[in-house]
Amino acid sequence: MQKVLGVICLLSLTTNVYFILANQDSKKVGLPIATEGSQYSFLSPRIFSENQNNLIVNFVSLRKHMQQLSSQLSYKTSVYFEYLPTGASIGINEKNAFVPASLLKTPLAMGIYKHYESGELKPSDTIIMDDVSRDRGFGKLWKLKSGTIITVEQALNHLIRESDNTAQKLLLKKISTEEIDKVFDALDIPKVRDGDGEAVVTAKNYSSILRCLYLSCYLSKSNSNQLLQQLSQTEFNDKLPATIPSSIPVAHKIGEHPSMRNPEKSTFTDCGIIYVPKRPYILCVMVEADESTSTSTIASYSKIAFDYVQSYQ
């Protein structure tokens, strides 16, 4: 009997040693280890979400409604939608390119934050107001007297929340336009110009900037979060946020490029992240029309997307 027990103990010890060594080998080669809760190591954590209804992949109906709206329009548009929990996306004329105008203030802000992280700039660094930087197009900083001293942080707040043109020019004293190019290069966004030599961007490509902030792929987590929070506090709520309950944050950036020759050929854009609880998504809409038409068109696309995402079962 003692011999039998001895053999059993020896086999048990040998088996334990084998599994310990196998476990160590699997770590070395990066293989999944079968422990409690990790038996699906190769599968996405998304599919273990508590509420599977939030993992929407079926956007056929949303695409159809967006296409129906697009077919009724006689002017140039571009729409890109991306559902962030699953990465499913919809593009309507998404290859149409538009002048980004103030949309470029977001990568400029990212460049400023990048300089914070590298130590090349501090929020408390100062800028002196001058007549060359004065621009009445957007914002209120143009009202400052020449010689007035403001901080980089103050200028950045005006840039994001008011889309302040004077703040943009003042901040470009601290970093060059090459910093904007660095953001585009880091996200592999093509730098394209139209027939008039102006820089243009598509709705899909610009959405990469928002996705990058959401995933903190260029800036630190704290700076990405802060910039998105600032974008959720902008003064412009007549486009993407127009039909969305005020309780739902919308981190977005507008752009306007008026045409002096033909107002109906002006460009109006709004791109942002709509934070529907557990169902956040990106929506970027670009329109070439007069301001009133563009505003209502962007709001219409926003309502279609929001209604679908919120009501999906």
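Bear in mind that the values here come from a model prediction, so they are computed numbers and not experimental data. (Residues numbered from 1 in each chain as written. Predicted model: local features only at pLDDT ≥ 70, side-chain atom pairs only at ≥ 80, totals over all residues. Heavy atoms only, no water.)

What follows is about the overall build of the protein. Counting its secondary structure elements, the protein contains nine helices and 10 strands. Out of the 313 residues belonging to the protein, those deemed buried represent 43%. The long-range fraction of contacts in the protein, counting pairs at least 24 apart against all pairs at least 6 apart in sequence, stands at 65%. When the accessible surface of the protein is split by element, carbon and sulfur atoms take 53% of a total near 16900 Å². (Helix = DSSP H or I, 4+ residues; strand = E, 2+ residues; numbered from the N terminus. Buried < 20%, exposed > 50% of the residue type's maximum accessible area, 1.4 Å probe, protein only. Contact = heavy atoms within 4.5 Å. Areas by Shrake-Rupley, 256 points an atom, 1.4 Å probe, with all protein chains shown as cover.)

One covalent bond between the sulfur atoms of two cysteine residues makes up a disulfide. Applying the stated rule across the entire model yields two disulfides. Disulfide partner of Cys212: Cys217, at an S-S distance of 2.0 Å. Looking along the S-S bond of the Cys212-Cys217 disulfide, the torsion reads about -125°, which is the left-handed sense. In this structure Cys212 comes out as buried when scored by relative accessible area, which is 3%. Residue pairing for Cys271: its cysteine sulfur links by disulfide to Cys284, the two sulfurs lying 1.9 Å apart. Taken together, the residues Cys271 in strand E9 (residues 267–274) and Cys284 in strand E10 (residues 281–288) connect sequence positions 13 residues apart. The exposure class assigned to Cys284 is buried, which follows from its relative accessible area of 0%. Here the cysteine-cysteine linkages of the protein are recorded as 1-2, 3-4, numbering only bonded cysteines and doing so in sequence order. (Disulfide = S-S within 2.5 Å.)

One finds Met110, Ile112, Leu156, Leu171, Tyr206, Leu227 and Met286 to be the most contacted residues of the largest nonpolar core, which totals 47 residues. Elements with a contribution of two residues or more to this core: helix H3 (105–118), helix H4 (152–162), helix H5 (165–171), helix H6 (178–186), helix H7 (203–215), helix H8 (221–231), E9 and E10. Discounting residues that sit within four places of it in the chain, Leu171 has contacts with Ile112, Ile127, Val152, Ala155, Leu156 and Leu159. (Core = buried A, V, L, I, M, F, W, Y, C linked by side-chain atoms within 4.5 Å.)

This next bit is on the environment of Leu187. If you trace the backbone, Leu187 turns up in the loop between H6 and strand E6 (192–193). The exposure class of Leu187 is buried, given its relative accessible area of 17%. Setting aside chain neighbours within four positions, we find Leu187 in contact with Ser208, Ile209, Cys212 and Cys217.

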